Each structure stands twice: as C-alpha cells, then as structure tokens.
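Tertiary structure, described
The residues making up each chain are set out below.
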Amino acid sequence: MHHDVSEILVSEKDIQAICERLGKQLTIDYRDKNPLLVGLLKGCVPFLSDLARKIDLSVEIAYMSVSSYHGGITSSGDVKIKMDLDFSLTNRNVLIVEDIVDTGKTLDTIVKLFKHRGAKSVKVVTLLDKPEGRVVPFLPDYIGQTIPKAFVVGYGLDYDEIYRNLPYVGILKPEVYTK
Ligand code: 5GP
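Report follows, based on the coordinates. It should be emphasised that the depicted structure is a prediction, and the values quoted were computed from it without experimental measurement.

You can see V152 is positioned in strand β8 (residues 152-153). Separated by eleven residues in sequence, V152 and Y163 place their C-alpha atoms 9.8 Å apart. Not counting residues up to four positions away in its chain, the partners in contact with V152 are L9, I100, L128, I147, L157, V169, G170 and I171.

Here it is as structure tokens:
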C-alpha cells in the first residue's frame, strides 16, 4: 500500500467484481440502444476502460473534461467545461461514466446540459458514490460502491494530479493535504 494512503476502501479485486456486475447489467439495459459512453476526464479513464470491456454490445466512446476542484480537496461548486464533446447528442442514449459523485453539482449540471443538447436519454454510472456529501439532490443510475465521506485517491482519482495510477481506491492521509 502507498505510504500516503491510510486505508484501502475498494481493492483491485472489488473493482474487477464491480466492473463485471455493472457491465452485465448495462449489457442487458442497453441492448439495441446503441449507447454513447461519455467519460468525464481525467478521473474516469481506468474505470471507463475496464467497464467498457465488460459491456458486450457495440458502444461508442467520447470524452469531456470538466472541473469543479481547483487543486484542493473540496469542490468549488463552479462547474467549468475545459474540453467539450466532439459528438452530437441528438437522439442518443448517453451513459455518463464518472469516477465519484460527491456534492452532485457536476453531474446535475452535465445531465441537464446533455438533455438540453437533445439526448434521447441520459444516465449516469459512477464507480463511487459519497451520498453524505450531497449539496444538490442527485441519484446516479448505476453505482459501483457507496463510500463514507472521506477524500479518496487511486484508480483515476487524484490529489494535485498524483495517485491516479494506484490500482485500488484508498483514503488519503490528511497530513498529505494539510501540510
Ligand atoms: P461533485 O460535483 O459531485 O462534488 O464532484 C465530482 C468530482 O469531484 C469528481 O469527478 C472528482 O473529480 C471530485 N471528487 C469528489 N470527491 C472526491 C474524492 O474523494 N477524491 C478525489 N480525488 N476527487 C473527488
């Protein structure tokens, strides 16, 4: 375990089981729907890559970069589009792939935006959900694992751009971001 991590919350084995379970469900739910998976960069990368390979359908994949954190460990609540999609959403069944839902502000904003752009349906699959952090009501359609209100890193999730390559999700020791 990395020396800056105090506890592993979701192990590599857990992540694999989550991707298999969600992939099976999505394969059933999106049959004949030609889904467009939209990954929110950068945190979605390992999850989207593992999950997409468990969906036994032909899917298209697009990326968008949004930010609500500006370096620290709390959301600014101000959602900015840093890189937009290069796909039309008109009449598409869109499945947003997210690493973690906390305040709910990012996805609340993006789901409304995608509906406004003409998507036929917009659903959200998230690896992690921190329901205690909600500031706006938001319920993801597919959840890998619900976790307590802690700042986590690994498997795509960063602190100051570091730790994204850890193969598990763990709690970052507070001394790392308070020093
Ligand atoms: P929300 O808008 O739901 O508050 O925030 C969603 C985004 O905040 C996530 O995509 C992620 O980038 C970031 N975030 C929320 N909680 C955590 C966390 O515990 N660790 C890390 N590394 N990022 C988080």
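Text resumes after the structure shown.
Attention now moves to the packing of aromatic side chains. For the coordinates displayed, the defined rule picks out three aromatic pairs. Arranged with centres 6.1 Å apart and planes meeting at 85°, the rings of F151 and Y159 form a pair that is edge-to-face. Cation over ring: K33 sits above Y30, and NZ or CZ is 5.9 Å from the ring centre.

This next bit is on the packing of helix α1 (residues 12-29) against helix α2 (residues 45-52). Two elements in contact, α1 and α2, have axes whose closest approach is 9 Å; the angle formed by their N-to-C orientations is 60°. Between α1 and α2, the crossing angle belongs to the class labelled oblique. The crossing of α1 and α2 is right-handed. In this structure, α1 contributes C19, L22, G23 and L26 to the contact, and α2 contributes F47, D50 and L51. Looking at side-chain class alone, the contact of α1 with α2 contains five nonpolar, one polar and one charged residues.

Right, let's get into the sheet that holds strand β9 (residues 169-172). On the basis of which strands lie adjacent, the open sheet formed by three strands has the order β1-β9-β8 and antiparallel pairing. Of all the strands in the sheet, just β1 (5-10) and β8 have a single pairing partner and so form its edges. In the sheet, β8 pairs with β9 via two bridges, with the strands oriented antiparallel. Considered in β9, the bridge of V153 is made with G170. Running at roughly 25° to β1, α1 makes contact with β1 and β9 of the sheet.

Conventions we followed
Residues numbered from 1 in each chain as written. Predicted model: local features only at pLDDT ≥ 70, side-chain atom pairs only at ≥ 80, totals over all residues. Heavy atoms only, no water. Helix = DSSP H or I, 4+ residues; strand = E, 2+ residues; numbered from the N terminus. Contact = heavy atoms within 4.5 Å. Phe/Tyr/Trp six-rings, centres within 6.5 Å; stacked < 30°, edge-to-face > 60°. Lys NZ or Arg CZ within 6 Å of the ring centre and 35° of its normal. Axes fitted to C-alpha atoms, helices over the stretch in contact; angles between N-to-C directions. Parallel < 35°, antiparallel > 145°, perpendicular 65-115°, else oblique. Left-handed = near helix turned anticlockwise from the far one by under 90°. Nonpolar A, V, L, I, M, F, W, Y, C, P; charged D, E, K, R; others polar. Pairing = 2+ DSSP bridges.

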